[in-house]
Amino acid sequence: MTRPRQAPRDAADAALQLSLPLFDALRRVDPAPLPGRRIVRLEQQIVEYQLTRSRRRTIGFLVDDRGLSVTAPRWVTLACIEQALVEKARWILRKLDEWRQHAARRERLAIQWEDGASLPLLGASLRMQRVSAARVAVHREDEVLWVGLPDDAGVEVFRDAVQHWVRRQALDLFEQRLAHFAGLLGQGPSRWGLSSARTRWGSCGPDGAIRLNWRLMFFPPHIVDYVVAHELAHLKELNHSRRFWDVVGQIYPDYAKARAWLRSYPDDLALN
Ligand SMILES: [Zn+2]
């Protein structure tokens, strides 16, 4: 179903790759450029870019997670390239800013698996609070998630304990929501389970088996409902045809908003 545009091998890595070059590209003081990189002043801003010479006939610009890249024919002088950059300044700065905001949003969304950090859960924000305990024990009390761990437990044990707890909540909630929407649809899955896929929020197989990503728990409840309804609707229509969306609309009328929300979500499961 809803498929993020790319799946990072590791969310933390991806966030790093995304943010570092951009913040470099928009440094306000005159920096020494990185090897192979040049700088240009565009509307009072120092912008770093990667210049590649090629056989193409025109100067090309690209702004992505690595910042600004310029491809130019070998015979074009640096002065000409800079002139072209100045002419395109507004577009370049706007694109760089979009990418920087995108990176910042992802950074905000990335969960820090550590004592005192916050955990988004179904629209709420819990504070994870580590306490000393003989064995691993996690429980929620209002907006606090108490994480009981032996004193020698490291950061991985902390993360695993919390993720295990979130998965258990997911099993309970998804079971409930599947039953609710299956009632409306008049049909339920042959079986269902949690997934931790990096590229899919949910899936429905031709055998009627549904998988739901436990990371949906980090989103507001109506997003969970939308994904559950979406996958169940595939039991009737195993495609994304007009008929399929009609089925979704019958059991979850407000699907367009949830669908747009999920689509605007930064392009992968930055939450790990
Ligand atoms: Zn689908």
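Check the entry above for the structure.
Cut-off values and rules
- Residues numbered from 1 in each chain as written.
- Predicted model: local features only at pLDDT ≥ 70, side-chain atom pairs only at ≥ 80, totals over all residues.
- Heavy atoms only, no water.
- Donors = N, O, S within 2.8 Å, 3.2 Å for Na, K, Ca; no water.
- Buried < 20%, exposed > 50% of the residue type's maximum accessible area, 1.4 Å probe, protein only.
- Helix = DSSP H or I, 4+ residues; strand = E, 2+ residues; numbered from the N terminus.
- Polar contact = N/O pair within 3.5 Å; in protein donor to acceptor, adjacent residues only side chain to side chain.
- Contact = heavy atoms within 4.5 Å.
- Core = buried A, V, L, I, M, F, W, Y, C linked by side-chain atoms within 4.5 Å.
- Pairing = 2+ DSSP bridges.
- Axes fitted to C-alpha atoms, helices over the stretch in contact; angles between N-to-C directions.

K.L.:
So what about the coordination of the zinc ion? Which residues, and what values?
P.N.:
Those donors, His230 (NE2), His234 (NE2) and His240 (NE2), are the protein atoms that reach the zinc ion, and they lie 2.1 Å from it. Summarised as a motif, the one-chain spacing of the donors to the zinc ion is H-x3-H-x5-H. Judged by relative accessible area, which is 8%, His234 ranks as buried. When its relative accessible area of 46% is taken as the criterion, His240 is described as partly exposed.

K.L.:
Report on the side chain of His234, specifying residues and quantitative values.
P.N.:
As for its placement among the helices and strands, His234 is situated in the loop between helix H5 (221-233) and helix H6 (242-251). A distance of 3.4 Å separates a polar side-chain atom of His234 from the backbone oxygen of Asn239. A distance of 3.3 Å separates a polar atom in the side chain of His234 from a polar atom in the side chain of His240. Aside from chain neighbours lying at most four places away, what touches His234 is Cys204, Asn239, His240 and Phe244.

K.L.:
Could you give me a rundown of the nonpolar core, with the residues and numbers involved?
P.N.:
Counting 52 residues, the largest nonpolar core has Leu119, Met128, Val162, Val166, Phe174 and Leu232 as its most contacted members. Looking at this core, the elements that each hand over two or more residues are strand S5 (118-121), strand S6 (124-132), strand S8 (144-149), helix H4 (155-185), strand S11 (209-213), H5, H6 and helix H7 (255-264). The element that contributes the greatest number of residues to this core is H4, accounting for 12 residues. Not counting residues up to four positions away in its chain, the partners in contact with Val166 are Leu119, Leu121, Trp214, Met217 and Phe218. Core analysis: the second largest hydrophobic core is formed by 16 residues, Tyr49, Val76, Ile92 and Leu93 among them.

K.L.:
Requested: an account of the sheet that holds S6, with residues and values cited.
P.N.:
Pairing within the open sheet is mixed, and its four strands lie in the order S5-S6-S8-S7. Unpaired on one side and paired on the other, S5 and strand S7 (137-141) mark the two borders of the sheet. With strand direction ignored, the average angle separating the axes of adjacent strands in the sheet is 30°. Both S7 and S8 contribute to a ladder of five bridges, which runs antiparallel. Bridging from a neighbouring strand, Arg140 pairs with Leu145 of S8. Most of the contacts of H4 go to S8, to which it runs at about 130°, and overall it touches S5, S6, S7 and S8.

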